[in-house]
Structure formats: C-alpha cells, structure tokens
Amino acid sequence: MSSKPHSTNFRPEIPKRPLEIPTRGSSGRPAGSNSNAEGKKLTVGRDITLKGEIGSCDVLVVEGVVQAQIEECSRLEVSEGGSFVGSAQVDEAEISGNFEGQLTARHVTVMNSAEMSGKITYGTLQIENGARVKGELEYVEGTDDGIARGSKSGAITIPRKSDDS
C-alpha cells in the first residue's frame, strides 16, 4: 500500500445564487420592509472630523466635526457637542450643537444648547429659550405646512406670514 492519501474527484454541487446589486434608491429589501425605518443614516461620532461633500443620505447625525456641503439629505441633526461648518439643504434640521454657515430647510428646530451663525432660510423655525442665533433669517413662502402654527410651547416659533396680510 502506498503512503499517499487516497484522492477522489468528488465535488459537491453548490447552487449558485444570482448576484444582487442594489441600485440607487433601492436598499435590496422588499418594499414593505420596515427593518430600518431611518434608511441611509450617516453618524459622525465624537472626536471624528469629516470634510467634503455629502449627498443622498436620509439622516446625517453630527456628534463630532463636519465641514461639508450637504445636498439631497432629508434630515440634519447636530448633537450637543457637535459642530457643522458649511452649507446644508435639507427637509428638516435639528440643531443642538454649533452650526456655522448656510442652512436651507423646510423645518428648523434650534434647541436651547445651540449656537448658530450664518444664514438660515426656512419654512418653519422654532428656537428654544437659551439658544444663540446670529446672522440672517429668511422665510421662504410656500415651504411650510402650518404644523408649527398655534403650538403652545416655551420656545419662540416664527410661523409663515398671517393670512390677513
């Protein structure tokens, strides 16, 4: 007998799976799946600095430092301790940290810990007592939906122009 191990030509049949490549706007999940309701979320953590251009995200959360231009994002959240420098065009913005630059959003909420400077173009704007805002505020006609009107809170809410004028 030989000392060589016995070799066979046995090769198991392994079915090949079709290659699934998600396309833009498709996450590869079935349409009704709510496993990740937030969609495409980018979080810049504490002690992280990100510079550049950000596009096509659903939610950007800034806990560190971001120096960027943002387009095609739905929501910007600058957490307390976070800092954003640049320009952002989003549907909603919630600022608790530092924001410097140009912000264009349908709904803007400035929390009491926020410091903002620059130009804010908004449909609805809510500023909590204690927030510091320095710069230019510009209301854009037709970008609000009246949800902040008549709310009773301790914050300053600047709604759209009254229907009387």
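No experiment lies behind these values; they were computed from the predicted model shown.

Caption draft 1: Highlighting the side chain of T121. Along the chain, the position of T121 falls in strand β7 (residues 115-127). Setting aside anything within four residues of it in sequence, one finds T121 in contact with L103, T104, A105, E138 and V140.

Caption draft 2: Examining the pattern of salt bridges more closely. Using the criterion set out here, one finds six salt bridges in the structure. A salt bridge links E63 to R46, with the shortest nitrogen-to-oxygen separation between them at 4.0 Å. Here E63 is found in the loop between β3 (59-62) and β4 (65-78), whereas its partner R46 is found in the loop between β1 (41-44) and β2 (49-55), with 17 residues between them in sequence. A relative accessible area of 25% means that E63 is categorised as partly exposed. The exposure class assigned to R46 is exposed, which follows from its relative accessible area of 52%. Measuring nitrogen to oxygen at the nearest pair gives 2.9 Å for the salt bridge that ties R75 to E92. Separated by 17 residues along the polypeptide, R75 in strand β4 and E92 in strand β5 (residues 83-95) bring together distant segments of the chain. Bridged by salt links that share partners, the residues R75, E77, E92 and E94 form one connected network.

What counts, and where the lines are drawn
- Residues numbered from 1 in each chain as written.
- Predicted model: local features only at pLDDT ≥ 70, side-chain atom pairs only at ≥ 80, totals over all residues.
- Heavy atoms only, no water.
- Helix = DSSP H or I, 4+ residues; strand = E, 2+ residues; numbered from the N terminus.
- Contact = heavy atoms within 4.5 Å.
- Salt bridge = Lys/Arg side-chain N within 4 Å of Asp/Glu carboxyl O.
- Buried < 20%, exposed > 50% of the residue type's maximum accessible area, 1.4 Å probe, protein only.

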